[in-house]
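Structural overview
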Amino acid sequence: MAKIGFLGAGKMAEGILSAVADKSGVLMAERVEARAKELARKYGVATTGDAKEVVKKARFVFLAVRPQDVDALAVDVKPLLTDRHTLVSIVAGKTLAKLRKAFGSKVRLVRVMPNLALRANAGMCAICPGPKTPEKDVKLVEKILGGAGETVVLKEKDFDAVTALSGSGPAYFAYMEEAMAEAGVKLGLKPAVARLLAEQTMYGTAKFLRESGMELRPFIEGVCTKGGTTAAGMEKLDVPAFKKIVAETLAAAARRSKELA
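These notes cover the structure that comes with them. Keep in mind the model is a prediction, meaning the values are calculated, not measured.

Digging into the layout of surface pockets
- Within this model, the second largest pocket holds a volume of roughly 400 Å³.
- Lining the second largest pocket are 17 residues, with G8, A29, R31, V65 and D69 sitting closest to its centre.
- Looking at which element gives the most residues to the lining of the second largest pocket, the answer is helix α4 (residues 70-77), with 3 residues.
- Class assignment for the residues of the lining of the second largest pocket results in 9 nonpolar, 2 polar and 6 charged.

Okay, structure coming up:
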């Protein structure tokens, strides 16, 4: 009997799988034979081409398919779902209400908003349990996803903001890195060197801030020695227009998240 099941075996599902301690108890549904063999070889997990087999054998199931595939999948597995099943959805735009409508009132639900960094075991996952989901199941979700990064339990009303900040955030940080690397090239650096400098600087800064717990403003002021190079650059960056653009960027993403939900 499988302990944990996966409906879907894409890259995000693989990121979660990598954080599961006992992979011998995992069963993954994947119809593409080459992908199924890859996961079996890499992680030693059992695979199947039949989603119904996962629901029959696992009581704790991660839903990790494309949003457009949810309804068809639900038709297949809904008759097999009971009040002993916990369905953990990482599907974007699918609220608890939509999941309840698709999969029925019996199944326990947990909605998760992950981000792409999950694939590097450095993800950020927001967790929202359904009203009938027991605390022990929520703790298990936290434990599994915590092995692939950080977790936070929130109300579903916060998920549009989460989507805008951490869900979409990797693209915004990568865009900033791209801008810094391109600026470095204009200053005479080779593209590969400029990217390395920008990327390692972003990574190292985030790592230091996380490990030290230092507040952001004192850190910025500490790097900006009066009359120095950083202060000269910050004169261009630290203007109201920059933070306004960032705020408008997140607001636009949050609005779109609300529309898709």
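Some points on the sheet that holds strand β6 (residues 108-113)
- With mixed pairing, 8 strands are arranged side by side in an open sheet as β3-β2-β1-β4-β5-β6-β7-β8. Of all the strands in the sheet, the pair left with one neighbour each is β3 (46-48) and β8 (149-153). Across this sheet, the average inter-strand angle for adjacent strands is 25°, counted without regard to direction.
- Inspection of the sheet shows strand β5 (residues 86-89) paired to β6 by 4 bridges, in the parallel sense. Bridged to S89 within β6 is R111.
- Contacts between helix α6 (residues 135-146) and the sheet are confined to β1 (4-7), β4 (60-63), β5, β6, β7 (123-129) and β8, with β8 contributing the most and set at about 155° to the helix.

Focus: the side chain of R111
- With respect to the secondary-structure elements, R111 resides in strand β6.
- R111 sits in the buried class, given a relative accessible area of 5%.
- The contact partners of R111, leaving out residues within four places of it in the chain, are S89, G93, K94, T95, L96, A126, I127, C128, E156 and F159.

Describing the packing of aromatic side chains
- For the structure shown, the criterion picks out 3 aromatic pairs.
- Residues F6 and F62 carry aromatic rings whose centres are separated by 5.1 Å and whose planes lie at 15° to one another, so their mutual orientation is stacked. One end of the pair, F6, is in strand β1; the other, F62, is in strand β4, with 56 residues separating them in the sequence. The burial state of F6 is the same as that of F62; both residues are buried.
- With 5.7 Å between their ring centres and 35° between their planes, F208 and F219 make a pair best called tilted.

Digging into helix α7 (residues 159-167)
- Buried within α7 are the following residues: F159, D160, V162, T163, A164 and S166.
- Those residues of α7 that are buried are in contact with β6, β7, α8 (169-186) and α12 (240-260).

Here's the deal with the pairing of β5
- Neither face of β5 is left uncovered, since the one carrying T86 and V88 and the one carrying L87 and S89 both have all their residues buried.
- Taken together, the 4 bridges between β4 and β5 define a ladder with parallel strand orientation. Residue F62 lies in a different strand from β5, and its bridge partner there is V88.

Some words on helix α5 (residues 96-103)
- Every buried residue of α5 is accounted for by L96, L99, A102 and F103. Down the axis, α5 shows its buried residues gathered within 125° of arc, on one side only. Facing away from the buried side of α5 by over 90 degrees, the exposed positions are A97 and K101.
- The secondary structure elements touched by the buried residues of α5 are β4, α4, β5, β6 and β7.

Parameters and conventions
Residues numbered from 1 in each chain as written. Predicted model: local features only at pLDDT ≥ 70, side-chain atom pairs only at ≥ 80, totals over all residues. Heavy atoms only, no water. 1 Å grid on protein atoms, 1.4 Å probe; cavity = no way out; pocket = protein on both sides within 12 Å on 5 of 7 lines; lining within 4 Å. Points joined across faces, edges and corners; volume = space filled by probe spheres on them. Helix = DSSP H or I, 4+ residues; strand = E, 2+ residues; numbered from the N terminus. Nonpolar A, V, L, I, M, F, W, Y, C, P; charged D, E, K, R; others polar. Pairing = 2+ DSSP bridges. Axes fitted to C-alpha atoms, helices over the stretch in contact; angles between N-to-C directions. Contact = heavy atoms within 4.5 Å. Buried < 20%, exposed > 50% of the residue type's maximum accessible area, 1.4 Å probe, protein only. Phe/Tyr/Trp six-rings, centres within 6.5 Å; stacked < 30°, edge-to-face > 60°. Arc of directions from axis to C-beta.

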